[in-house]
Amino acid sequence: MDMFNKVTAFLQQALETREPSINLLDSFVDHWKAITNYYIETTDESRPVKQTDIPWRLRQMLDILVYEETQQGEETGPCMEYLLQHKILETLCTLGKAQYPPGMSQQVMVFFSKVLSQIQKPVLHLINVYRPVQKLIHLCGLPDSKTETEESQFIFAVCTRVKKDPYVLNYILELTKDSQKRCSSTSDEAVADSCSGASSPESAPSPPPPSSSTASSCSAQSEAHPSSSPQTATGIIPVLMHLGKSQKSRVMLRSMESLLLLVSLPQEDTGHLLAEKTPLHSQLLGAQWREQFTQDSTEESQSFPGSENVHKFFCFLDYCNELTKEAPRILGVKMARTIHLQWLKGIIQPHLLQMSEVVILVHTALLSCSVRHINSPALLEELVQFLLGSDTHCEKRQDTHTHILRYRLIEHCNHISDEISITTLRLFEELLQKPNKSILVNLVLRNLEKRSYRLPGSGVMDETQRVESDVLEESEELEEDPFFTDMYEDSGFGGQEPLLSLPERNSREMRNPSVHTEVADIVNSFLCLVPQEAKTSHLVQGAGYDTYVHDAHKLLKECTALSRDWSWPDSAKPTETSPSTDFYEGHFLLILFDRIARILEQPYELNLQVTSVLSKLAVFPHPHLHEYLLDPYISLSPGARSLFSTLVRVIGDLMQRIQHIHNVTDKLMMVRRQLMGMEEETMVDHVTLLKGVIVLEEFCKELAAIAFVKLPIEEQ
């Protein structure tokens, strides 16, 4: 920049006494003739270009062109006219290809890069500019190249110019009819179907006519279309792919930035052009999954064996996420489809279906982190299709091979290895936080659509009948269990000693007292589930039920925003008088309920993860999901179970077990304080059971808080 300022000051001083156009043009011509005379007069062909005055003269020519443009305004100056009419760029390209003198190609690429980046007027549509640019692109990306740095800068300058003037993309891609057919034939059928509504190859963007000033100044040039060029195999996309694998981090990053500039062109017809007429999706994305994503690293940064490779992988995943997110839809869908076929199905799926626990664990964890990072709609859609499939009909118990990966992943939530179960549950928890409606439909909602979990006809009973009927059924079912009967009577579960007294919430509740009563009843039903002798949270400051209300409000707000555009009904649909089939909650809820049923005998970390997934499900504002997971009073159809009925059975099991533990409350309190870090861990008998009781109490409080923050909103 300092050099440019000095040259500008010198030229301004000269302009005070001489005619500017004559002075600049003469100077420009003199510099060019000095370069050409070098080739006539020199006898030492081995002399490096840096030992000649060629680099300096090229810089002077560039400075003159830039200064001339600032002075000429809209008109094309005589120096630019001279450069175009005398095909200076074409000549420089030939000299660079010949590498004469040695190192000339670097100088040519630097000159081209600066011309494209510093000249503001559109020039790439001119034949004496884009033809040499095309030829110079063909010199890039060659094996064992010593000019990768200059090549990456040149390609970046080209892509920056295309981003500024998108209509010149055709000139850079050099599409021929044969190459279009070849690229189209490599497209996978699924993506071709998704792109069937796009414009045809003939509708690719054609360059508009140049401005009047440019046209008048360049009248000698014919606007030949780049389709006449036969050189397509060595186009800009393969060059970017090659440079993207460079061992030089700056070269690699610059090439990736260049590609991002190309794919982020907003026009849909441009996206169609890149998707259907170039090897972008199949060559670049497909090859990179097995390539090393190179960056400078030190041994000190290695937090665990293989951490560098993990970091490289997620860097490239983030890049692909940005590519598919910024690209026009048709191009983003095609690139995402390629990632689905070549990475997810080609590499990840075989490892997930293996029997090796280590391989399953590693790739499930990798997939879980990938789900967390991906926010591209096109890539997320392909990821969901890969993991869950596209089925929307109700599941059947015998549907074990409809989508083999989905079945295996859900089964892994109940794996003999606790680590695999925890990691797979985390994967599903990540999925539930993504803005994709089909995730909830596939895992849960399609099986609740008909509300066949309810006893036929129970939906038309009035509130009093419903509550009385449910309480009667529960008391009859558990009447034979003396431990549960004692707990039920002593703890106030029957409503004799309500744990929660709600204030008036709004005018709706004031007009309809039953709304207020139902909220209190439902919340108290969860709070009273755990018997008093098994409760310890009230003995520790800051561990009460109210601590969950704030978190529940936040979760509800997030889930409501997430599902706002999913067209969910405001109220539950009427139930059928006689269900056509037995209710099946679906594979996912089946496994989760089985896990909850074993909460007293599972590891603490696993229990935390199971309850976390169920809490995420319970907070979604879908009326069927809410009813099935949070309504303790629904009359269940024969053979059906809900979350509440599953918890009731767990409590019955708990009451029998704790009868055999001496000082159970003291031991529970000790374990709770250890879990909270208030005491050092010591050996305690029945520690798995005691930790399970603590998680169960906390889970019931969390469900009560979710019901508390949801019901008033839904009843308004």
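Source: prediction; values computed, not measured.

Draft legend 1. Layout of the overall build of the chain. In terms of regular secondary structure, the chain is built from 34 helices and zero strands. Counting across all 716 residues of the chain, residues that qualify as buried make up 53%. Long-range contacts, defined here as pairs at least 24 residues apart, represent 78% of the contacts in the chain between residues at least 6 apart. With the model as given, the accessible surface of the chain reaches about 33300 Å², and the carbon-plus-sulfur share is 51%.

Draft legend 2. Inspection of the pattern of salt bridges at higher detail. Taken as a whole, this structure holds 24 salt bridges when the rule is applied. Residue Lys135 is joined to Glu90 by a salt bridge in which the shortest nitrogen-to-oxygen separation is 2.2 Å. Of this pair, Lys135 sits in helix 7 (residues 127-138) while Glu90 sits in helix 5 (residues 88-98), placing them 45 residues apart in sequence. On the basis of relative accessible area, Lys135 is assigned to the partly exposed category, the value being 40%. Where Glu430 meets Arg372, a salt bridge forms, and the shortest distance between an N and an O atom there is 3.0 Å. With Glu430 in helix 22 (residues 418-432) and Arg372 in helix 19 (residues 357-373), this pair connects stretches of sequence that are 58 residues apart. On the basis of relative accessibility, which here comes to 15%, the residue Glu430 falls in the buried class. Classification of Arg372 as partly exposed rests on a relative accessible area of 45%. Connected through salt bridges with shared partners, the residues Arg672, Glu697, Glu698 and Lys701 form a single ionic network.

Draft legend 3. Focus on the packing of aromatic side chains. Applying the stated criterion to the full structure yields 16 aromatic pairs. On the numbers, 6.1 Å between centres and 75° between planes, the contact of Trp568 with Phe620 is edge-to-face. Remark: Phe620 occurs in the loop between helix 30 (604-618) and helix 31 (623-630) and Trp568 occurs in the loop between helix 28 (547-562) and helix 29 (587-597); sequence separation between them is 52 residues. By relative accessible area, Trp568 is classed as buried at 14%. The class of Phe620 is buried, set by a relative accessible area of 1%. Across the ring face of Phe156, the terminal group of Arg254 is positioned such that the distance to the ring centre comes to 4.2 Å.

Draft legend 4. Focus on helix 21 (residues 404-412). Three or more residues of helix 21 are buried, namely Leu405, Arg406, Leu409, Ile410 and His412. Viewed along the axis of helix 21, the buried residues span an arc of 155°, placing them on a single side of the element. Turning to helix 21, the residues buried within the fold contact helix 18 (329-352), helix 19, helix 20 (377-388), helix 22, helix 23 (437-448) and helix 29.

Draft legend 5. Seen up close, helix 8 (residues 148-164). Taking 1.5 Å per residue, 17 residues should reach 24 Å; helix 8 reaches 24 Å between its end C-alpha atoms and fits that length. Along helix 8, the residues that are buried comprise Glu148, Glu150, Glu151, Ser152, Phe154, Ile155, Ala157, Val158, Cys159, Arg161 and Val162. Along its buried surface, helix 8 packs onto helix 6 (104-118), helix 7, helix 9 (169-173), helix 13 (236-243) and helix 14 (249-263).

Draft legend 6. Representation of the environment of Val66 within the structure. Mapped onto the elements of the fold, Val66 is located in helix 3 (residues 54-72). Note: C-alpha distance between Val66 and Met80 (14 residues apart in sequence) is 9.5 Å.

Draft legend 7. Just the confidence of the model for the chain, in detail. Summarising the model, the chain shows a mean pLDDT of 80, and 76% of its residues fall at 70 or more. Here residues 289-301 scores under 50 on pLDDT; set against residues more than four positions off or in separate chains, the count is 26 contacts. pLDDT under 50 marks residues 460-499. Its contacts with residues more than four places away, or in other chains, come to 53 contacts.

Draft legend 8. Expanded view of the environment of Leu696. Mapped onto the elements of the fold, Leu696 is located in helix 34 (residues 687-715). Note on Leu696: relative accessible area 0%, which makes it buried. Residues Leu696 and Ala534, 162 residues apart in the sequence, show an inter-C-alpha distance of 9.9 Å. Aside from chain neighbours lying at most four places away, what touches Leu696 is Val530, Ile599, Leu647, Val650, Ile651 and Leu654.

Draft legend 9. Up close: the side chain of His622. Along the polypeptide, His622 turns up in the loop between helix 30 and helix 31. In this structure the side chain of His622 is engaged in a polar contact, spanning 3.1 Å, whose partner is the backbone nitrogen of His624. In contact with His622, other than residues within four places in its own chain, are Leu445, Trp568 and Pro569.

Draft legend 10. Structural context of the packing of helix 6 against helix 7. Relative orientation of the contacting elements helix 6 and helix 7 amounts to 135°, with a least axis distance of 12 Å. By the angle between their directions, the pair helix 6 and helix 7 is classed as oblique. For helix 6 against helix 7, the interelement crossing comes out left-handed. Where helix 6 abuts helix 7, its residues Val108, Met109, Phe112 and Leu116 lie against Pro132, Val133 and Leu136.

Draft legend 11. Looking closely at the nonpolar core. Membership of the largest hydrophobic core comes to 193 residues, with the highest contact counts inside it found for Phe112, Val133, Phe154, Ile155, Ile236, Leu387 and Leu617. For this core, the element with the highest residue contribution is helix 34, accounting for 16 residues. Once residues lying within four places of it in the same chain are set aside, the contact partners of Leu617 are Leu432, Leu440, Val444, Phe588, Leu589, Leu592, Leu625 and Leu629.

Draft legend 12. Spatial organisation of the packing of helix 5 against helix 6. Close contact between helix 5 and helix 6 brings their axes to 8 Å; oriented N to C, the two are set at 150°. In terms of their interaxial angle, helix 5 and helix 6 are classed as roughly antiparallel. Two packed elements cross with a definite hand, and for helix 5 against helix 6 that hand is left-handed. Residues Leu89, Leu92, Cys93, Leu95 and Gly96 of helix 5 touch helix 6, and the partners they reach there are Met104, Ser105, Val108, Phe111 and Phe112. Of the residues in the contact of helix 5 with helix 6, the class split is eight nonpolar, two polar and no charged.

Draft legend 13. Expanded view of the side chain of Lys334. Mapped onto the elements, Lys334 comes out in helix 18. Only 3.4 Å separates the side chain of Lys334 from the backbone oxygen of Ala275, close enough to count as a polar contact. A polar contact is formed between the side chain of Lys334 and the side chain of Glu276, at a distance of 3.1 Å.

The rules we used
Residues numbered from 1 in each chain as written. Predicted model: local features only at pLDDT ≥ 70, side-chain atom pairs only at ≥ 80, totals over all residues. Heavy atoms only, no water. Helix = DSSP H or I, 4+ residues; strand = E, 2+ residues; numbered from the N terminus. Buried < 20%, exposed > 50% of the residue type's maximum accessible area, 1.4 Å probe, protein only. Contact = heavy atoms within 4.5 Å. Areas by Shrake-Rupley, 256 points an atom, 1.4 Å probe, with all protein chains shown as cover. Salt bridge = Lys/Arg side-chain N within 4 Å of Asp/Glu carboxyl O. Phe/Tyr/Trp six-rings, centres within 6.5 Å; stacked < 30°, edge-to-face > 60°. Lys NZ or Arg CZ within 6 Å of the ring centre and 35° of its normal. Arc of directions from axis to C-beta. Expected span 1.5 Å × (residues − 1). pLDDT = per-residue confidence, 0-100. Polar contact = N/O pair within 3.5 Å; in protein donor to acceptor, adjacent residues only side chain to side chain. Axes fitted to C-alpha atoms, helices over the stretch in contact; angles between N-to-C directions. Parallel < 35°, antiparallel > 145°, perpendicular 65-115°, else oblique. Left-handed = near helix turned anticlockwise from the far one by under 90°. Core = buried A, V, L, I, M, F, W, Y, C linked by side-chain atoms within 4.5 Å. Nonpolar A, V, L, I, M, F, W, Y, C, P; charged D, E, K, R; others polar.

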